[in-house]
Amino acid sequence: MSQTESFFESPEARKLAVEIAKRLDANNSLALINEYRKQGIDPEMITFALNQASYKQRGMVKFGERAIDMLFTESGLEQATRQEVASWHASRFKEAGIASVTDLGAGIGSDAIGFAKAGLEVTAVENHPESFQALKHNLATIANATALEQDATNHQISSAGVWLDPARRDQDRKSLTVQRLEPSMFSPNLDFVFEIANQYPAGIKLAPGFPHELIPNNFEANWVSHHGDLVEMTLWSGSLGQPGIKKAVMVGEAVNEFVGTDQLAAISQVERYLYEPDVSLIRSHLVGDYANQNGLHLISEQIAYLSSAKLVSSPWLKGYEVQDVLPLDIKQIKAYCSKHDIGVLEIKKRGVDVTPEALRPKLKLKGAGAATLVLTKVGSARQAIVCKSIR
Ligand SMILES: C[S@@+](CC[C@H](N)C(=O)[O-])C[C@H]1O[C@@H](n2cnc3c(N)ncnc32)[C@H](O)[C@@H]1O
């Protein structure tokens, strides 16, 4: 066991990490190091505790107050599923009547905690030594969860269902293309992951940019957003999903789901209301289906803005009331803002190359009024749509 791994098991190191987490701010880390060194504490232990303190503070975003008592690794914290999303994963297993789950590659245990909190019997398998130490600690007080330090590919599954959240080996690459995707880019390897999901009812968490054309057609695919962020693409196999189904899922305090089939929508002029669909609808390619079912239309091909004459209120849409539609011409926009006394301007853009950062200083905004300016295409024309957000 390395020294760092042994700190995960040391009550003194863990106590120090909690103490530092309560004191650490943006400017005092050096002062804290000096203070603890003067007390004769092992410098390696101070480094461990300081790192853990910083993870605990960052972990509050994902875990709330519980983070103070948890242990992390840098990548384990980054890859950890947000707790509301982990609860949604667990609810899918519960709804399918599955009472036990093996988490193959459990990281620091966010999904495993979510499963256990929902009452599932959890076996959490992890082979990275430090992540395993964190996992073991984070599950220690949970009676219905067991942590095993093992290679997932050697584990004998004895649960009814399986959860797989493979690590991307090339984390710095944001997007995937068909040419670049190799099963070995994932750990556990994607071939292993799909093989297990063909044998057991399983959930698989992948990046939301995973190519649609590489999704096996016997799995259900969900694109998931959480408070406006696109967080994952989840595949469900066996009794956990319906083969070939595509869904956009918005997870928050409530869960909203929308099923569709990649329909095209009509393209027409901007009408009284303009809408931004939720990112999960956009990435699942279900904007067309949503538009057709709700009396909305696109305003340009390939651009995810919708419009309608009648107001549609929906959690899937951020709505704006259109005031005017101008050509995307700086002089005309500047004159418009000046004439209408617009000093506060939210600038959005989609499908055009003008950036809000470049445009804003050129408008020399002043005045008491506020508006939103949407830079986009209407048909093939570049336009600036002046609108007011509907709260
Ligand atoms: C994306 S993380 C899991 C995050 C976890 N779902 C959470 O919410 O905290 C993937 C984990 O799988 C582990 N892993 C990768 N290959 C593995 C293998 N062959 N056996 C066991 N664990 C493995 C990695 O070390 C990493 O901690």
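Remember, it's a predicted structure, so these values are computed and weren't measured experimentally.

J.: Please explain the sheet that holds strand β13 (residues 297-298) as it appears in this structure.
T.: Pairing between sheet strands relies on hydrogen bonds along the backbone, with the strands arranged either parallel or antiparallel. Taken together, the 7 strands give an open sheet; going across it, the order is β13-β14-β12-β15-β18-β17-β16, and neighbouring strands pair in mixed fashion. Every interior strand has two partners, whereas the edge strands, β13 and β16 (342-349), have only one. Here strand β17 (residues 369-378) runs beside strand β18 (residues 381-389); their pairing, made up of 7 bridges, is antiparallel. Each residue of the ladder has a partner; that of Leu375, found in β18, is Ala384.

J.: Even after reading the chapter, I still don't get the domain arrangement of the protein chain, so can you show me in this structure?
T.: Frequently, the measure chosen for interface size is the accessible area removed from exposure when the parts meet. According to the domain assignment, the protein chain contains domain 1 (3-59), domain 2 (77-258) and domain 3 (273-389). With centres defined by C-alpha atoms, the gap from domain 1 to domain 3 works out at 48 Å.

J.: When you look at the site of the ligand in this model, what are you seeing that I'm missing?
T.: The ligand sits among 19 residues. The nearest are Gln79, Glu126, Ala152, Asp165 and Ser187. Measuring from a nitrogen atom of the ligand, one finds a backbone N or O atom of Ala152 at 2.7 Å. For the ligand, a nitrogen atom lies 3.3 Å from a polar atom in the backbone of Pro188. Surface burial for the ligand is 93%, taken as the share of its 610 Å² of free accessible area covered by protein chains.

J.: Could you clarify how one ought to interpret the packing of helix α12 (residues 330-339) against helix α13 (residues 356-363) in this entry?
T.: Two numbers describe a pair of packed helices, the interaxial angle and the distance between the axes. Here α12 crosses α13 at 55 degrees, and the two axes come no closer than 9 Å. Taken together, the axis directions place α12 and α13 in an arrangement best described as oblique. Judged by the sense of rotation from one axis to the other, the crossing of α12 with α13 is right-handed. Side by side, α12 and α13 meet where Ile330, Ile333 and Lys334 of the first sit next to Leu359, Lys362 and Leu363 of the second. Taken together, the residues of the contact of α12 with α13 break down into 4 nonpolar, no polar and 2 charged.

J.: Whenever I open this one, the pairing of strand β2 (residues 121-126) confuses me. Can you help?
T.: As judged from the 5 bridges shared by strand β1 (residues 100-104) and β2, these two strands associate in the parallel manner. Within β2, the position partnered with Asp103 by the bridge is Ala124. The parallel pair β1 and β2, bridged by helix α7 (residues 110-117), forms a crossover whose chirality is right-handed. Two elements, β2 and strand β3 (residues 145-149), share 5 bridges in a ladder whose sense is parallel. Paired with Val125 across the strands is Leu148, a residue of β3.

J.: Explanation requested: the pattern of salt bridges in the structure shown.
T.: Pairing of side chains with opposite charge becomes possible as their charged atoms draw close. The tally for this structure, following the rule as stated, stands at 14 salt bridges. Here Lys247 ties to Glu220 by a salt bridge, and the two come within 3.2 Å at their closest N and O atoms. Separated by 27 residues along the polypeptide, Lys247 in strand β10 (residues 246-251) and Glu220 in strand β8 (residues 220-226) bring together distant segments of the chain. Judged on exposure class, the residue Lys247 and its partner Glu220 are both buried.

J.: Quick question: what am I supposed to make of helix α2 (residues 11-23) here?
T.: An α-helix turns once per 3.6 residues; consequently, residues spaced three or four apart project the same way. The terminal C-alpha atoms of α2 lie 19 Å apart, and with 13 residues this matches the ideal 18 Å at 1.5 Å per residue to within 8%. Taken together, the buried positions of α2 are Ala13, Leu16, Ala17, Ile20 and Ala21. Seen from one end, α2 has its buried residues packed into an arc of 140 degrees, which puts them on one side. Along α2, the residues that are exposed and aim more than 90 degrees away from the buried face are Pro11, Glu12, Lys15 and Lys22. Where α2 is buried, its residues meet α1 (3-9), α3 (29-38) and α4 (43-63).

J.: Please explain the state of the cysteines as it appears in this structure.
T.: Scanning the model with the defined rule gives 0 disulfides in all. Note on Cys337: no disulfide assigned, nearest cysteine sulfur contributed by Cys387 at a separation of 12 Å. Among the residues examined, Cys337 registers a relative accessible area of 4% and is labelled buried. Under the relative-accessibility criterion, Cys387 is labelled buried at 0%.

J.: Explain the sheet that holds β10 here, please?
T.: Strand order in this open sheet of 9 strands is β3-β2-β1-β4-β7-β9-β8-β10-β11, and the pairing throughout is mixed. Of all strands in the sheet, those with a lone pairing partner are β3 and β11 (255-260), marking the two edges. Averaged over all pairs of adjacent strands, the angle between their axes in this sheet comes to 20 degrees, without regard to strand direction. Against the sheet, helix α6 (residues 83-95) contacts β1, β4 (161-164), β7 (202-206), β8, β9 (229-236), β10 and β11, and its axis sits at roughly 20 degrees relative to β9. Here helix α9 (residues 190-199) sits on the sheet in contact with β1, β4, β7 and β9, set at roughly 150 degrees to β7.

Rules behind the numbers
- Residues numbered from 1 in each chain as written.
- Predicted model: local features only at pLDDT ≥ 70, side-chain atom pairs only at ≥ 80, totals over all residues.
- Heavy atoms only, no water.
- Pairing = 2+ DSSP bridges.
- Helix = DSSP H or I, 4+ residues; strand = E, 2+ residues; numbered from the N terminus.
- Domains from an automatic or database assignment.
- Near = heavy atom within 4 Å.
- Polar contact = N/O pair within 3.5 Å; in protein donor to acceptor, adjacent residues only side chain to side chain.
- Areas by Shrake-Rupley, 256 points an atom, 1.4 Å probe, with all protein chains shown as cover.
- Axes fitted to C-alpha atoms, helices over the stretch in contact; angles between N-to-C directions.
- Parallel < 35°, antiparallel > 145°, perpendicular 65-115°, else oblique.
- Left-handed = near helix turned anticlockwise from the far one by under 90°.
- Contact = heavy atoms within 4.5 Å.
- Nonpolar A, V, L, I, M, F, W, Y, C, P; charged D, E, K, R; others polar.
- Right-handed = clockwise from strand over helix to strand, strands pointing away.
- Salt bridge = Lys/Arg side-chain N within 4 Å of Asp/Glu carboxyl O.
- Buried < 20%, exposed > 50% of the residue type's maximum accessible area, 1.4 Å probe, protein only.
- Expected span 1.5 Å × (residues − 1).
- Arc of directions from axis to C-beta.
- Disulfide = S-S within 2.5 Å.

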